[in-house]
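# Breakdown of the fold
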Amino acid sequence: MFRSLVSASVLAVLLSAPAFGQQWAEKMFNKREHNFGTVARGSDTVYRFEVTNLYKEDIEITNVRSSCGCTQPSIESPVIKTYQKGYVLARFNTSGSHLGNKGATVTVSLRSSKGHRAEVQVRVHGYIRSDLVFEPGAVRLGTVDEGSAKEQLVRVNYLGGQSWRINDVTNDNDYFEVELREAGRGGGRVAYDLLVRLKENVPPGYLKDQITLVTNDAYGQQQRVPLVVEGRIVPEISVTPESLFLGQMTAGQPVTKKLVVRGKKPFKIVSIDCGGDQCFSFKKSDEAKVLHLVEVTYNPQTAIGKMQQRVTIRTEGVRSSTASCLVSADVIGDATTTGYRGDGATQVADAAAAN
């Protein structure tokens, strides 16, 4: 009887362990399902699942696999540092024989630097039209310098009858504008030219949005068709890394690391703002040059736990500009009095509890 109770208890623990082991990995995903909606054949349809490292050790995305050939997964950021973000890409295969309603489950395998492993499943689905084709499949603006304009032309071909029309093009993003012109109608085909123009006032960073074609299709699901607009606006001044983790610190023991501040033309650093945090100090050059090394020193006097502070660097050159970096650290007291253990399990458990 006693042996049976022990065996049952052990079995219950073993059965519950995998579910518990998945939780730390699942918390890293801000979203685990995406609906592409109705998309045109040949459209470049990709979704980036965001993965944030909440823990005190590196997390590696070791593998991705899909349950269906209609979706091709890939890893954009194999190794994610503490508090940084990575991405898993799910690309809908709209150019092959996968038409109509399609969906796939993507399994993501993760491993921490301390050896903890888990798998997380995310899902994508959508409807791929066979009668509507975009050439090219998306508005890929590529790399654009800050303050510059750029445009791209997309041909929209409809193959299902010449009575088809685009009634409207909607766009919720003020940073680009759209011009639509009918290019041909006859022989059961309709063609439109769609010009997408990026404005000069777009802020630096990664831009991904969409415009939506509103058609006269009879079925509600097919009346609205998205077209992806994507590009990267390169700032005049950039800071590397964008997120700086100072590590685990003991109160009263300062840590110094360096930021690389780079511009396209010589510039001066006129100020560095850390939100009034007196624990920060900075060492910089007063010269005008293309590349600056800035020493960042953080010296906390008390154990405050998790610290995050945005540091903003203001510059003067061809024109005034700003760039920023998110600085973070884990500040603890003396290791002998806090009861902290440095093993990975404690790190994961502590971070999971904090979040």
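Keep in mind that this is a model prediction, so the values were computed, not measured.

Calculation notes
Residues numbered from 1 in each chain as written. Predicted model: local features only at pLDDT ≥ 70, side-chain atom pairs only at ≥ 80, totals over all residues. Heavy atoms only, no water. Phe/Tyr/Trp six-rings, centres within 6.5 Å; stacked < 30°, edge-to-face > 60°. Helix = DSSP H or I, 4+ residues; strand = E, 2+ residues; numbered from the N terminus. Buried < 20%, exposed > 50% of the residue type's maximum accessible area, 1.4 Å probe, protein only. Lys NZ or Arg CZ within 6 Å of the ring centre and 35° of its normal. Polar contact = N/O pair within 3.5 Å; in protein donor to acceptor, adjacent residues only side chain to side chain. Contact = heavy atoms within 4.5 Å. Pairing = 2+ DSSP bridges. Salt bridge = Lys/Arg side-chain N within 4 Å of Asp/Glu carboxyl O. Axes fitted to C-alpha atoms, helices over the stretch in contact; angles between N-to-C directions. Core = buried A, V, L, I, M, F, W, Y, C linked by side-chain atoms within 4.5 Å.

Inspection of every chain in the model, using the stated rule, returns eight aromatic pairs. Ring geometry for tyrosine 83 and phenylalanine 245: centres 5.4 Å apart, planes at 90°, overall edge-to-face. Of this pair, tyrosine 83 sits in the loop between strand E5 (79-80) and strand E6 (85-92) while phenylalanine 245 is found in strand E17 (residues 243-250), placing the two residues 162 residues apart along the sequence. The pair tyrosine 83 / phenylalanine 245 is uniform in exposure class, with both members buried. A ring pair is formed by tyrosine 158 and tryptophan 164, whose centres lie 4.5 Å apart and whose planes are at 10°; its orientation type is stacked. Lying across the ring of tyrosine 206, arginine 48 places its NZ or CZ 4.4 Å from the centre.

Positionally, serine 112 belongs in strand E7 (residues 100-112). For serine 112, a relative accessible area of 3% gives the class buried. Looking at serine 112, its side chain comes within polar contact range of the side chain of glutamate 57, at 2.7 Å. Once you skip the residues sitting within four places of it in the chain, serine 112 turns out to touch Trp24, Glu57, Asp58 and Ile59.

The pairing of strand E8 (residues 117-135) with strand E10 (residues 150-158) spans four bridges and is antiparallel. By the bridge assignment for E10, phenylalanine 134 is matched with valine 156. Both E10 and strand E13 (residues 189-198) contribute to a ladder of nine bridges, which runs antiparallel. What sits directly across from arginine 155, in E13, is aspartate 193.

Take serine 109: it is sitting in strand E7. By relative accessible area, which is 10% here, serine 109 ends up buried. In sequence terms serine 109 and isoleucine 61 are 48 residues apart; their C-alpha atoms lie 5.9 Å from each other.

Inspection of the entire model under this criterion finds 20 salt bridges. As a salt-bridge pair, arginine 48 and glutamate 76 come within 2.6 Å of each other at their nearest N and O atoms. Of this pair, arginine 48 sits in strand E2 (residues 45-52) while glutamate 76 sits in the loop between strand E4 (71-75) and E5, placing them 28 residues apart in sequence. Look at arginine 48 and you get buried, because its relative accessible area is 16%. Between arginine 129 and aspartate 131 there is a salt bridge, with its nearest N and O atoms 3.0 Å apart. Assigned by exposure class, arginine 129 and aspartate 131 land together as buried. Overlapping salt bridges bring together Asp44, Arg91, Arg140 and Glu230 as one network.

With that settled, the discussion passes to the sheet that holds E6. Overall, antiparallel pairing links the three strands, which are arranged E2-E6-E4 in an open sheet. Both outer strands of the open sheet, E2 and E4, are each paired with one neighbouring strand and no more. Going from strand to strand, the sheet's axes swing by 20° on average, the running direction of each strand aside. Of the pairings in the sheet, the one linking E2 to E6 comprises eight bridges and is antiparallel in character. Residue tyrosine 47 lies in a different strand from E6, and its bridge partner there is alanine 90.

Positionally, valine 239 belongs in strand E16 (residues 237-240). With relative accessibility at 6%, the residue valine 239 sits in the buried group. On a C-alpha basis, the gap between valine 239 and histidine 292 in space is 9.5 Å, while along the polypeptide they are 53 residues apart.

Turning to the nonpolar core, a few remarks are in order. Ranked by internal contacts, the top residues of the largest apolar core, which has 28 residues, are Trp24, Met28, Phe29, Val51, Ile61, Val108 and Leu110. At the level of elements, helix H1 (2-26), strand E1 (33-41), E2, strand E3 (59-66), E6, E7 and E8 are the ones that each hand at least two residues to this core. Looking at this core element by element, the count peaks at five residues for E8. Judged by nonpolar contacts, the second largest core, of 25 residues, contains Leu141, Val156, Val190 and Leu207.

What follows is about the sheet that holds strand E15 (residues 224-234). With mixed pairing, four strands are arranged side by side in an open sheet as E9-E15-E14-E11. Two strands in the sheet have a free side with no partner beyond their single neighbour: strand E9 (139-145) and strand E11 (166-170). Neighbour to neighbour, the strand axes of the sheet diverge by 20° on average, direction disregarded. Sheet topology places E11 next to strand E14 (residues 205-215); four bridges connect them, and they run antiparallel. In the strand pairing of E14, valine 169 is matched with leucine 213.

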